[in-house]
Amino acid sequence: GENVEQHPSTLSVQEGDSAVIKCTYSDSASNYFPWYKQELGKGPQLIIDIRSNVGEKKDQRIAVTLNKTAKHFSLHITETQPEDSAVYFCAAGAGGTSYGKLTFGQGTILTVHP
Amino acid sequence: DVKVTQSSRYLVKRTGEKVFLECVQDMDHENMFWYRQDPGLGLRLIYFSYDVKMKEKGDIPEGYSVSREKKERFSLILESASTNQTSMYLCASSFGLAVYNEQFFGPGTRLTVL
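Residues numbered from 1 in each chain as written. Chains lettered and ligands numbered in written order. Predicted model: local features only at pLDDT ≥ 70, side-chain atom pairs only at ≥ 80, totals over all residues. Heavy atoms only, no water.

Student: Tell me about the confidence of the model for chain B, and name the residues and values.
Tutor: When pLDDT is averaged along chain B, the result is 94, and 98% of the positions lie at 70 or above. Across chain B, strand S11 (residues 109-113) of chain B holds the top mean pLDDT of 98, while strand S6 (residues 54-57) of chain B sits lowest at 92. (pLDDT = per-residue confidence, 0-100. Helix = DSSP H or I, 4+ residues; strand = E, 2+ residues; numbered from the N terminus.)

Next up, the structure:
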């Protein structure tokens, strides 16, 4: 089955700095790569996703890049703010009749210091 | 807005007890999922279900079973709770067969088994 590795496990930055979280996956059949953000006391929530036919996707201060050859993808957050502090999870899934099943990474605790 | 609710935020049980964790979604989603979240291990899939017709084991099903008698409700059952099942349990739901549809998470149930 799919295996997703996520690094780093913790990341501490100053407000205004950039943050980068990296993930690798093992199954070449995976073609969908979402990122979820989990705030304290809440369930994870989708913040951005990318499909394998796209190399990069941006949404305001966040962006995701995908390198299918190397089987890795990354989340980039620019101009970080204290409200970006949360746990971030990457995930991978294969399209088609998969019942929406995803494999998640281990999570990254991001702390943004004011 | 999609709403996924879980019956308890915190639960304390004794070793050997039978434990039921309930999850309800209000958006007529076909797919429902149970994950457990442990520090450093991320989100690991226990079971998932497509409507009432199908239930399938995830990556760590040992010691768990599920029930889905109605489309909106998905229950996780710990037949005989053990201390190594102390964890945060998250329920999620999504629409349709494809992986590209967002998973919506409940707030989680923190289960402690003494």
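Continuing now.
Student: Give me the lowdown on the state of the cysteines, citing residues and values where you can.
Tutor: Among covalent bonds in proteins, the disulfide is the one between the sulfur atoms of two cysteines. In this structure the tally under the stated criterion is two disulfides over all chains. Between the sulfur atoms of Cys 23 of chain A and its disulfide partner Cys 90 of chain A the distance amounts to 2.0 Å. Here the disulfide of Cys 23 of chain A and Cys 90 of chain A is left-handed, its torsion about the S-S bond being about -100 degrees. Linking Cys 23 of chain A in strand S3 (residues 19-25) with Cys 90 of chain A in strand S9 (residues 86-92), this pair joins segments that are 67 residues apart in sequence. Across the disulfide, Cys 23 of chain B is cross-linked to Cys 91 of chain B (sulfur-sulfur distance 1.9 Å). Because the torsion about its S-S bond is -75 degrees, the bridge between Cys 23 of chain B and Cys 91 of chain B counts as left-handed. One end of the pair, Cys 23 of chain B, is in strand S3 (residues 19-25); the other, Cys 91 of chain B, is in strand S9 (residues 87-94), and 68 residues separate them in sequence. (Disulfide = S-S within 2.5 Å.)

Student: Just give me the short version of the nonpolar core, but keep the residues and values in it.
Tutor: With 23 residues, the main nonpolar core has Trp 35, Phe 73 and Leu 110 of chain A as its most contacted residues. Of all the elements in the fold, those that place two or more residues in this core are strand S2 (10-14), S3, strand S4 (32-38), strand S5 (45-51), strand S7 (62-67), strand S8 (72-77), S9 and strand S11 (108-113) of chain A. Not counting the four nearest positions on each side in its chain, Phe 73 of chain A is found in contact with Ile 21, Lys 22, Cys 23, Tyr 25, Phe 33, Trp 35, Thr 65, Leu 66, Cys 90 and Ala 91 of chain A. Membership of the second largest hydrophobic core comes to 20 residues, among which are Leu 11, Val 19, Tyr 47 and Val 66 of chain B. (Core = buried A, V, L, I, M, F, W, Y, C linked by side-chain atoms within 4.5 Å. Buried < 20%, exposed > 50% of the residue type's maximum accessible area, 1.4 Å probe, protein only. Contact = heavy atoms within 4.5 Å.)

Student: I'd like a description of the interface of chain B and chain A, backed by residues and values.
Tutor: Contact residues are listed per partner, giving 25 residues for chain B and 26 residues for chain A. Taking both partners together, chain B and chain A bury about 2100 Å²; carbon and sulfur atoms supply 60% of that area. On inspection of chain B and its partner chain A, the count reaches zero salt bridges. Viewed at the interface, chain A and chain B are joined by seven residue pairs in polar contact (both at pLDDT 80 or more). When residues of the side of chain B that touches chain A are traced back to their parent elements, those giving at least two are strand S4 (31-38), strand S5 (42-50) and S9 of chain B. (Buried area = accessible area lost by both parts, 1.4 Å probe. Salt bridge = Lys/Arg side-chain N within 4 Å of Asp/Glu carboxyl O. Polar contact = N/O pair within 3.5 Å; in protein donor to acceptor, adjacent residues only side chain to side chain.)

Student: Help me get a handle on the sheet that holds S3 of chain B, residues and values and all.
Tutor: Residues and elements named next belong to chain B. In space, the four strands of this open sheet follow the order S1-S3-S8-S7, with antiparallel pairing throughout. Each edge of the open sheet is held by one strand with a lone partner, namely strand S1 (4-6) and strand S7 (64-70). Going from strand to strand, the sheet's axes swing by 20 degrees on average, the running direction of each strand aside. Sheet topology places S7 next to strand S8 (residues 73-78); five bridges connect them, and they run antiparallel. Bridge assignment links Lys 70 to a residue of S8, and that residue is Arg 73. (Pairing = 2+ DSSP bridges. Axes fitted to C-alpha atoms, helices over the stretch in contact; angles between N-to-C directions.)

Student: Go over the environment of Arg 14 of chain B, please, and point to the residues and values.
Tutor: Residues and elements named next belong to chain B. Along the chain, Arg 14 falls in the loop between strand S2 (10-13) and S3. The class of Arg 14 is exposed, set by a relative accessible area of 54%. Along the chain, Arg 14 and Lys 71 lie 57 residues apart, while their C-alpha atoms are 30 Å from each other. Other than its neighbours up to four places away in sequence, Arg 14 contacts Ala 81, Val 113 and Leu 114.

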